[in-house]
Amino acid sequence: MEMKIKVIKDILQKNEFSADSIRELAKENRWFLINVMGSPGAGKTSFIRTMINAFKDKFNIAVIEGDVASTIDAEEISKLGVKVLQINTGGACHLVADSINEAILNLNPGKNTIIFIENIGNLICPSSFDLGENMRVVISSAAEGDDKPYKYPIMFESSDVVVLSKIDVAEVIGFDMERYIKGLKAIKGDNLNLFKVSFKTSEGLNELEDYFSKLFSSYFNHK
Ligand SMILES: Nc1nc2c(ncn2[C@@H]2O[C@H](COP(=O)(O)OP(=O)(O)OP(=O)(O)O)[C@@H](O)[C@H]2O)c(=O)[nH]1
Ligand SMILES: [Mg+2]
Ligand SMILES: [Zn+2]
């Protein structure tokens, strides 16, 4: 028992060192790393695609795609004309900082670049692994139900921004918005940064893009 606890602690500690080196590199090169997390199919790639379309003319953007297998998401993103690199974890259910370090070396993003990292579809362990990111975004879809903040509080707690996607199907699903928001507020209090969107109908995307536009402008324009 004692042995097992020690092993887990070592893994997280080693990951932390690697995340620190990403943070140093990011500071030097003025990168802005966004760790995008959420369940399988929640809309992580849709979110990244939306951000690329909104900001690629204004900012440098690169993407690191994490998946257990396949290059489907990376292929889709590469069509948008930004640098993209696929990490296949071969079964692992989260990304680790070592893989991000390696991916960045291969990707070779220039200075002043926004780097989106699509994490493995999973609401649990990705939140335990620091990737040296500047910000964490969780994509949570209405299709998954209104109880997700209650059942996976750590993911929501560790995220800076919550994007509730698929609001176009909320009614059909019987999604209770009040219950969902109550659950989020219990975790995040006044720090709740929630955007309700549909990547299908584009509802709510103006507010979402506005938020990131201000964030990127202030990050890249001032030191
Ligand atoms: N109706 C509706 N469909 C959506 C919305 N967002 C995404 N989808 C669809 O949901 C499916 C999954 O979306 P993705 O963006 O690929 O989700 P993901 O989180 O990247 O999925 P994985 O990478 O497989 O974990 C796709 O068929 C999308 O077109 C939305 O807001 N409304
Ligand atoms: Mg995806
Ligand atoms: Zn995992």
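If you're wondering where the values come from, they're calculated on a predicted model, not measured in any experiment. (Residues numbered from 1 in each chain as written. Chains lettered and ligands numbered in written order. Predicted model: local features only at pLDDT ≥ 70, side-chain atom pairs only at ≥ 80, totals over all residues. Heavy atoms only, no water.)

### Examining the coordination of the magnesium ion (ligand 2)
For clarity, the threshold we go by: Think of the donor list as every N, O and S atom within 2.8 Å of the metal, or within 3.2 Å for Na, K and Ca; water never makes the list, so a site can look incomplete. For helices the rule is a DSSP run of H or I covering at least 4 residues; for strands it is a run of E covering at least 2, with both sets numbered from the N terminus onward. Type-normalised accessible area, obtained with a 1.4 Å probe on protein chains alone, sets the label of each residue: buried when under 20%, exposed when over 50%, and partly exposed for intermediate values.
Distances from the magnesium ion (ligand 2) to its protein donors, namely Thr45 (OG1), Asp73 (OD) and Glu118 (OE), fall within the range 2.1 Å. Each donor residue of the magnesium ion (ligand 2) belongs to the same chain, with the gaps between them written as T-x27-D-x44-E. One end of the pair, Thr45, is in helix α2 (residues 44–55); the other, Glu118, is in strand β4 (residues 113–118), with 73 residues separating them in the sequence. According to the relative accessible area criterion, Thr45 is buried, its value standing at 9%.

### Notes on the site of ligand 1
Cut-off, in case you're wondering: A single heavy atom is enough: if one lies within 4 Å of a molecule or strand, its residue is considered near that molecule or strand. Polar contacts, as used here, are pairs of N or O atoms within 3.5 Å; protein pairs need one atom able to donate a hydrogen and one able to accept it. Residues neighboring in sequence count only if both atoms are side-chain atoms. Only the protein chains shown count as cover for residues, and the accessible areas themselves come from Shrake-Rupley with a 1.4 Å probe. Each residue is assigned to one class: nonpolar for Ala, Val, Leu, Ile, Met, Phe, Trp, Tyr, Cys and Pro, charged for Asp, Glu, Lys and Arg, and polar for all the others, Gly among them.
Near ligand 1 you find 15 residues, and of these Lys44, Thr45, Ser46, Asp168 and Phe199 are the closest. The separation between an oxygen atom of ligand 1 and a polar main-chain atom of Ala42 is 3.2 Å. Take Glu118: an N or O atom from its side chain is 2.9 Å from an oxygen atom of ligand 1. Bound to the protein, ligand 1 loses 69% of the 650 Å² it would expose on its own. When residues of the shell around ligand 1 are assigned to their parent elements, the largest contribution, three residues, is made by α2. Here the shell around ligand 1 is composed, by residue class, of three nonpolar, six polar and six charged.

### Observations regarding the packing of aromatic side chains
Definition in use: Only rings of Phe, Tyr and Trp enter the pairing, Trp through its six-membered ring, and a pair is recorded when the two centres are within 6.5 Å. The plane angle decides the type: under 30 degrees is stacked, over 60 is edge-to-face, the rest tilted. Consider the ring centre and the ring normal. A charge sits over the ring if Lys NZ or Arg CZ is within 6 Å of that centre and within 35 degrees of that normal.
Under the defined criterion, the tally for this structure stands at 13 aromatic pairs. With centroids separated by 5.3 Å and ring planes inclined at 90°, the aromatic side chains of Phe55 and Phe216 adopt a geometry described as edge-to-face. On the criterion of sequence distance, the pair formed by Phe55 in helix α2 and Phe216 in helix α9 (residues 205–221) is long-range, its members being 161 residues apart. The class for Phe216 is buried, based on a relative accessible area of 0%. Aromatic ring contacts, followed pair by pair, group Phe32, Phe47, Phe55, Phe59, Phe116, Phe195, Tyr211, Phe212, Phe216, Tyr219 and Phe220 into a single cluster. Positioned above the aromatic ring of Tyr150 is the side chain of Arg179, whose terminal nitrogen or guanidinium carbon lies 5.4 Å from the ring centre.

### Remarks on the UniProt feature "domain: CobW/HypB/UreG nucleotide-binding" (unreviewed entry) in the protein
Stated formally: UniProt positions are given in the numbering used here, feature names are shortened, and annotations may be inferred rather than shown by experiment.
In this structure's numbering, the residues bearing the UniProt feature "domain: CobW/HypB/UreG nucleotide-binding" (unreviewed entry) are residues 34–188. When the span residues 34–188 is considered, its composition is 35% helix and 24% strand, and the gap between its end C-alpha atoms is 19 Å.

### Some thoughts on the coordination of the zinc ion (ligand 3)
Ideal coordination angles are 109.5 degrees for a metal with four donors arranged tetrahedrally and 90 or 180 degrees for a metal with six donors arranged octahedrally. Bound to the zinc ion (ligand 3) on the protein side are Cys93 (SG), His94 (ND1) and Cys125 (SG), at distances that span 2.0 to 2.2 Å. Donor residues for the zinc ion (ligand 3), ordered by position in the chain, follow C-H-x30-C. In this pair, His94 sits in the loop between β3 (83–88) and α4 (97–107) while Cys125 sits in the loop between β4 and β5 (135–141), placing the two residues 31 residues apart along the sequence. Cys125 carries the same exposure label as His94, and that label is buried.

### What about the nonpolar core?
General note: in soluble globular proteins, nonpolar side chains tend to be found buried as a group. Inclusion rule: Throughout this description, the term nonpolar core refers to a set of buried Ala, Val, Leu, Ile, Met, Phe, Trp, Tyr and Cys residues connected via side-chain atoms within 4.5 Å. The contact definition used throughout considers only heavy atoms, calling two residues in contact when any of these lie within 4.5 Å.
By size, the foremost hydrophobic cluster in this structure holds 30 residues, and its most contacted members are Phe47, Phe116, Leu208, Phe212 and Phe216. Contacts of Phe47, omitting those with residues within four sequence positions, involve Val36, Phe116, Val137, Ile139, Val163, Phe199, Leu208 and Phe212. One finds Leu95, Ile115, Ile120 and Leu131 within the second-largest nonpolar core, a separate group that totals 19 residues.

### Some remarks on the side chain of His94
Given the relative accessible area of 16%, His94 is considered buried. Excluding residues within four positions of it along the chain, His94 makes contact with Thr89, Asn119, Ile120, Cys125, Pro126 and Phe129.

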